[in-house]
Amino acid sequence: MKKLIIGNWKMYPAGVKEAREKFVAIKKVAGTLKNVQTVVCPPFVFVGDLKKLATGHRCVLGAQNAWIENDGAYTGEVSPAMLSSMGLDYVIIGHSERRVLGETNELVNKKVIAGIKAGLTVVLCVGERERDTDGEYMKYIANQIRLALVGVSKKDLSNVIIAYEPIWAVGKNSIHPATTNDALEVTILVKKTLAYLYGKDVGTVPILYGGSVDAKNCAEFLAKSHVDGLLVGRSSLDATIFGEILKSAEKVK
Ligand code: PGA
């Protein structure tokens, strides 16, 4: 399976010209890599423009969020059907930076279902705020997965990717990066939780790690944490660093 490297641009860059330049530079590297699927998730407003540049299949676009309905009086929201009509394949759902704005597990669940129905591949983000010594965080993550997947059939799971992003390791205020072991532990937990919910023959649901991924640690996470890819924030905004990450991923067996 190809390594899946997703860049989450969050609310950057400041303007469309910069977005174009970054995307073109990333695509240049991504286009040379056979073993990596690159996905860039820019702010919604840049999607139309970048889509014109996103020719080919090795570097595609995704979205950072979508609403639970395909149309209606929802000022400021963007529907999954709109994203799919723009030719997008992926949507990030339940990112911790949205959960702090009030996105509940119930809303995340509705978004997951709406995304799948619109034909998008949903990148479901889960992760604990802090780690305790009693393993409560494991229950917390398993519960987030369970609640996000209520009403999602085994067949629909083929449109789901799970990204483990421990909040304490995400963003510039992160306490410290996660270790490859921290990520491995949760990779196993995600697999067990899915097997518990859907049966042993659940099939392959790709698992990503995200949180302070950079050009130095990316290969280690891919090689040692048994993840299928990475969700990259800050380091995806620097085309040179993101390019390094993509090239490292290409080499990991
Ligand atoms: P970071 O963000 O790589 O900047 O820690 C990851 C994310 O929020 O997806």
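Going by the structure above, here's the rest.
Residues numbered from 1 in each chain as written. Predicted model: local features only at pLDDT ≥ 70, side-chain atom pairs only at ≥ 80, totals over all residues. Heavy atoms only, no water.

J.: Tell me about the overall build of the protein chain, and name the residues and values.
T.: What the protein chain contains, in helices and strands, is nine helices and eight strands. Over its C-alpha trace the protein chain gives a radius of gyration of 17 Å, about what one expects of a compact globule, namely 18 Å for 253 residues. Dimensions along the principal axes, computed over C-alpha positions, put the protein chain at roughly 50 × 45 × 35 Å. Accessible area for the protein chain stands at about 12100 Å²; split by element, carbon and sulfur atoms hold 55% of it. (Helix = DSSP H or I, 4+ residues; strand = E, 2+ residues; numbered from the N terminus. Rg over C-alpha atoms; globule rule 2.2 N^0.38 Å. Areas by Shrake-Rupley, 256 points an atom, 1.4 Å probe, with all protein chains shown as cover.)

J.: Quick rundown of the layout of surface pockets? Include the residues and the values.
T.: Taken as a whole, the largest pocket spans an internal volume of roughly 470 Å³. What lines the largest pocket is a set of 18 residues, and nearest its centre among them are Lys10, Met11, Pro43, Gln64 and Arg98. Of the residues contributing to the lining of the largest pocket, the split by class is nine nonpolar, five polar and four charged. Here the second largest pocket is characterised by a volume of approximately 270 Å³. Along its surface, the second largest pocket is lined by Lys10, Tyr12, Glu97, Val170, Gly171, Lys172, Asn173, Gly233, Arg234 and Leu237. Among the residues making up the lining of the second largest pocket, the classes are represented as three nonpolar, three polar and four charged. (1 Å grid on protein atoms, 1.4 Å probe; cavity = no way out; pocket = protein on both sides within 12 Å on 5 of 7 lines; lining within 4 Å. Points joined across faces, edges and corners; volume = space filled by probe spheres on them. Nonpolar A, V, L, I, M, F, W, Y, C, P; charged D, E, K, R; others polar.)

J.: Pulling in residues and values, what's your account of the environment of Ser212?
T.: Relative to the assigned elements, Ser212 resides in the loop between β7 (207-210) and α8 (218-224). Expressed as a C-alpha distance, the spacing of Ser212 and Val232, which sit 20 residues apart in the sequence, is 7.3 Å. Ignoring anything within four residues of it in the chain, the contact list for Ser212 reads Ala169, Gly171, Ser174, Pro177, Asn217 and Arg234. (Contact = heavy atoms within 4.5 Å.)

J.: Go over the site of the ligand, please, and point to the residues and values.
T.: Around the ligand, the structure places Asn8, Lys10, His95, Glu165, Ala169, Val170, Gly171, Gly211, Ser212, Leu231, Gly233 and Arg234. Gly233 is positioned with one of its backbone polar atoms (N or O) 2.9 Å from an oxygen atom of the ligand. Here the ligand loses 100% of its free accessible area of 280 Å² to cover by the protein chains. Of the residues belonging to the shell around the ligand, the class tally is three nonpolar, six polar and three charged. (Near = heavy atom within 4 Å. Polar contact = N/O pair within 3.5 Å; in protein donor to acceptor, adjacent residues only side chain to side chain.)

J.: Requested: an account of empty space enclosed by the protein, with residues and values cited.
T.: Per the stated rule, a full pass over the model turns up one cavity of 30 Å³ or more. The wall of the largest cavity is formed by Gly94, Ser96, Arg99, Cys125, Val126, Gly127, Gln144, Glu165 and Ile167. Of all the secondary-structure elements, those providing two or more residues to the lining of the largest cavity are α4 (96-99) and β5 (121-126). Of the residues contributing to the lining of the largest cavity, the split by class is three nonpolar, four polar and two charged.

J.: Outline the pattern of salt bridges, supporting the account with residue identities and numerical values.
T.: As enumerated under the stated definition, the model contains 13 salt bridges in all. Among the salt bridges present, the one from Lys22 reaches Glu18, with a minimum N-O distance of 3.8 Å. A residue pair is termed a helical-turn pair when its members lie 3 or 4 positions apart in one helix, as Lys22 and Glu18 do in helix α1 (residues 16-30) at four residues. Three or more residues joined by partner-sharing salt bridges are found here, namely Glu128, Arg131, Asp182 and Glu185. (Salt bridge = Lys/Arg side-chain N within 4 Å of Asp/Glu carboxyl O.)

J.: Can you break down the packing of helix α6 (residues 136-148) against helix α7 (residues 180-198) residue by residue, with the values?
T.: In contact at an axis separation of 10 Å, α6 and α7 are set at 45° when each is read in the N-to-C sense. In terms of orientation, α6 lies oblique with respect to α7. Crossing handedness for the pair α6 and α7: right-handed. For the pair formed by α6 and α7, the contact residues are Tyr137, Met138, Ile141, Ala142, Ile145 and Arg146 on the first element and Glu185, Val186, Leu189, Val190, Thr193, Leu194 and Leu197 on the second. Per-class residue counts for the contact of α6 with α7 are ten nonpolar, one polar and two charged. (Axes fitted to C-alpha atoms, helices over the stretch in contact; angles between N-to-C directions. Parallel < 35°, antiparallel > 145°, perpendicular 65-115°, else oblique. Left-handed = near helix turned anticlockwise from the far one by under 90°.)

Everything listed here is a matter of geometry and, on its own, says nothing about what the molecule does.
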